[in-house]
Amino acid sequence: MTANRRSDGDEFEHRLLLYLTSFTGETFLYVKKIKNGIWVCKTAKNTWILKEFPTKEKIENQIYLTKLLFINGFHWTYRFHPVHAKKICFFEDRIFGLIEFIKKGSSFSYQTKNNRIQAIKLLSKFHEKTQLFANEFSTKLSFFNQIEKWETRLNDFISNFPQLKKFIPQYYIEVYVEWAKWSLHMLKQNKNYFNQQAKCVIHGDVAHHNFIYNFDQQLFLIDFDLIHLGSPVIDYLQFTNRILPYIEWSHHELQQMETIKDLLNHKAFVIALIYPTDVLREWNRFIRSKNKKNKDQSLAYLKEITFNQYEQRKSFANEMIKRI
Ligand SMILES: Nc1ncnc2c1ncn2[C@@H]1O[C@H](COP(=O)(O)OP(=O)(O)O)[C@@H](O)[C@H]1O
Ligand SMILES: [Mg+2]
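Residues numbered from 1 in each chain as written. Chains lettered and ligands numbered in written order. Predicted model: local features only at pLDDT ≥ 70, side-chain atom pairs only at ≥ 80, totals over all residues. Heavy atoms only, no water.

Q: Mind showing me how you'd approach the overall build of the protein here?
A: The helix and strand tally for the protein stands at 14 helices and 9 strands. Expressed as a percentage of its 324 residues, the buried residues of the protein come to 50%. For the protein, contacts bridging at least 24 residues in sequence account for 72% of all contacts bridging at least 6. Of the accessible surface of the protein, which amounts to about 16,500 Å², a share of 50% is contributed by carbon and sulfur atoms. (Helix = DSSP H or I, 4+ residues; strand = E, 2+ residues; numbered from the N terminus. Buried < 20%, exposed > 50% of the residue type's maximum accessible area, 1.4 Å probe, protein only. Contact = heavy atoms within 4.5 Å. Areas by Shrake-Rupley, 256 points an atom, 1.4 Å probe, with all protein chains shown as cover.)

Q: Looking at this structure, how should I read the coordination of the magnesium ion (ligand 2)?
A: Under perfect tetrahedral coordination by four donors, a metal shows angles of 109.5 degrees; under perfect octahedral coordination by six donors, it shows angles of 90 or 180 degrees. In this structure, Asn210 (OD1) and Asp223 (OD) serve as the protein donors to the magnesium ion (ligand 2), at separations of 2.1 to 2.3 Å. Placement of Asn210 in the loop between strand 6 (200-202) and strand 7 (211-213) and of Asp223 in the loop between strand 8 (219-221) and strand 9 (228-230) is noted, with a sequence separation of 13 residues between them. Taking relative accessible area as the criterion, Asn210 reaches 3% and is therefore assigned buried. We classify Asp223 as buried; its relative accessible area is 15%. (Donors = N, O, S within 2.8 Å, 3.2 Å for Na, K, Ca; no water.)

Q: What is the right way to look at helix 1 (residues 10-24) in this model?
A: The α-helix advances 3.6 residues per turn, and as a result positions three or four apart in sequence lie on the same side. The end-to-end C-alpha separation of helix 1 is 21 Å, in line with the 21 Å expected for 15 residues at 1.5 Å each. Inspection of helix 1 places Phe12, Glu13, Leu16, Leu17, Tyr19, Leu20, Phe23 and Thr24 among the buried residues, and these make up the whole buried set. On its buried side, helix 1 packs onto strand 1 (28-35), strand 2 (38-43), strand 3 (47-53), strand 4 (89-91) and strand 5 (94-100). Where helix 1 terminates, the next one or two residues include Gly25, which has phi positive at roughly 80 degrees. (Expected span 1.5 Å × (residues − 1).)

Q: Any chance you could explain the pairing of strand 5 here in plain terms?
A: Two faces make up the sheet, and in a regular strand the side chains alternate between them. In terms of residue burial, strand 5 counts as a mostly covered element, since 6 of its 7 residues are buried. Here strand 3 runs beside strand 5; their pairing, made up of 6 bridges, is antiparallel. Its bridge partner lying in strand 5, Leu50 is registered against Leu98. Bridge count between strand 4 and strand 5: 3 bridges; the pairing is antiparallel. Residue pairing across strands places Cys89 opposite Phe96, the latter belonging to strand 5. The loop that links strand 4 with its antiparallel partner strand 5 comprises 2 residues; one of these, Glu92, has a positive phi angle of about 50 degrees. (Pairing = 2+ DSSP bridges.)

Q: What am I meant to see in the nonpolar core here?
A: Soluble globular proteins tend to pack their nonpolar side chains together in the buried interior. One finds Phe211, Phe239, Leu254 and Trp283 to be the most contacted residues of the largest nonpolar core, which totals 94 residues. If one sorts the elements of this core by residue count, helix 6 (residues 170-189) sits on top with 9 residues. Counting contributing residues per domain, this core is built from domain 1 (6-100) and domain 2 (113-323), each supplying no fewer than three. Beyond its immediate stretch of four places on either side in the chain, Leu254 contacts Thr240, Ile243, Leu244, Ile247, Ile260, Lys261, Leu264, Leu273 and Phe316. Grouped together as the second largest cluster of nonpolar side chains are 17 residues, Phe12, Phe23, Phe28 and Val83 included. (Core = buried A, V, L, I, M, F, W, Y, C linked by side-chain atoms within 4.5 Å. Domains from an automatic or database assignment.)

Q: How should the site of ligand 1 be read in this particular structure?
A: Taken together, 15 residues surround ligand 1, and among them Lys35, Lys51, Glu100, Ile102 and Lys104 come closest. Here Ile102 contributes a backbone N or O atom positioned 2.9 Å from a nitrogen atom of ligand 1. A distance of 3.1 Å is found between an oxygen atom of ligand 1 and a backbone nitrogen or oxygen belonging to His209. Protein contact buries 88% of the 540 Å² of open area that ligand 1 shows by itself. The site holding ligand 1 turns out to be the second largest pocket. A class-by-class count of the residues in the shell around ligand 1 yields 7 nonpolar, 2 polar and 6 charged. Both domains that furnish three or more residues to the shell around ligand 1 are identified here as domain 1 (6-100) and domain 2 (113-323). (Near = heavy atom within 4 Å. Polar contact = N/O pair within 3.5 Å; in protein donor to acceptor, adjacent residues only side chain to side chain. 1 Å grid on protein atoms, 1.4 Å probe; cavity = no way out; pocket = protein on both sides within 12 Å on 5 of 7 lines; lining within 4 Å. Sits in = over half its atoms within 2 Å of the grid points. Nonpolar A, V, L, I, M, F, W, Y, C, P; charged D, E, K, R; others polar.)

Q: Mind showing me how you'd approach the packing of aromatic side chains here?
A: For any two aromatic rings, the description comes down to two numbers: the centre-to-centre distance and the angle of the planes. Under the definition given, this model contains 35 aromatic pairs. Between the aromatic rings of Tyr78 and Phe224, the centroid separation amounts to 5.9 Å while the plane-to-plane angle is 70 degrees, which identifies the pairing as edge-to-face. With Tyr78 in the loop between helix 2 (56-71) and strand 4 and Phe224 in the loop between strand 8 and strand 9, this residue pair connects regions lying 146 residues apart in the sequence. Taken as a pair, Tyr78 and Phe224 share a single burial class, namely buried. Of the aromatic side chains, those joined through ring pairs into one cluster are Phe53, Phe74, Trp76, Tyr78, Phe80, Phe126 and Phe224. Over the ring of Trp76 we find Lys125; its NZ or CZ atom is 4.1 Å from the centre of that ring. (Phe/Tyr/Trp six-rings, centres within 6.5 Å; stacked < 30°, edge-to-face > 60°. Lys NZ or Arg CZ within 6 Å of the ring centre and 35° of its normal.)

Q: Where do I start with the environment of Tyr275 in this structure?
A: For Tyr275, the location among the structural elements is in the loop between helix 11 (267-272) and helix 12 (277-288). Its relative accessible area of 1% is what places Tyr275 among the buried residues. Taking the C-alpha atoms as reference points, Tyr275 and Leu187, separated by 88 residues in sequence, lie 9.9 Å from one another. Not counting chain neighbours up to four residues away, the residues in contact with Tyr275 comprise Trp150, Arg153, Leu154, Ala180, Ser183, Leu184, Asn241 and Leu280. Only 3.5 Å separates the side chain of Tyr275 from the backbone nitrogen of Leu154, close enough to count as a polar contact.

Structure representation (structure tokens):
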């Protein structure tokens, strides 16, 4: 989330330790960065995660959301430190939140069927609860606009053509753009679909790394940086797009999944599944990135999703078109 800052080294961590001690009134013994914007911190009794937030509004919304989730009986996420009921950490012109540490059990990925089933169940519970209090966020969060987001993604991909041509044969570029344009065109004719369903706070980033199994093998949902108001369908669409490569683009497998199988009866959901969101997103990110090492590493993945999975994706798209 945040750029790697020179001040995030040992000295910064030492100043943070002193600050957290005075901020909470508890003696912090240890602070260690685990990735950009995330630190693990320890007191004699507890472990905490410290997370940096870009704005005061973002952290306030997340404190409020997690509080309402717990009040309404959703316990499969973290709470913020009780001190946040009164104040937020402002330290060296940066904003931080202390959150409960979830002790990890086995790792989570979309590879196994059981994990996918657990993730859908957890998402449904999340939406069931956020629907109860979505109105509380009507002035705090914006509506998620799926069509606008995908239009921007396609336009970025098109502007990147001159660089993309060095990596992707013209034929593939044309097919991916054609799928994206067709899907967007059809979605615009069905644009009410994403606004029709019950209004919830949607998670907005249902990637595998935002699910954690705790030591008790209970699945937890974390990272509310991309929450919006919107229909739960938006989270399920993203979830489906993310799992498709793991189920080898099998529409049979999708038809057996609770919640998703019902959504496959909705024309707009099926049309949206033809938009090649992962391919466009990842290539745009690749072109944007300035880090040569990261770029070299991501090329293998990009080739996998763009070329190796192309035939599977094409048969899947044909199956979807038959349903429309
Ligand atoms: N409360 C927590 N308990 C345990 N691990 C966490 C917790 N919060 C974050 N993490 C770890 O840090 C990673 C990044 O945190 P996240 O909130 O998802 O931030 P980002 O915006 O960087 O994705 C997570 O994928 C997880 O591995
Ligand atoms: Mg995350």
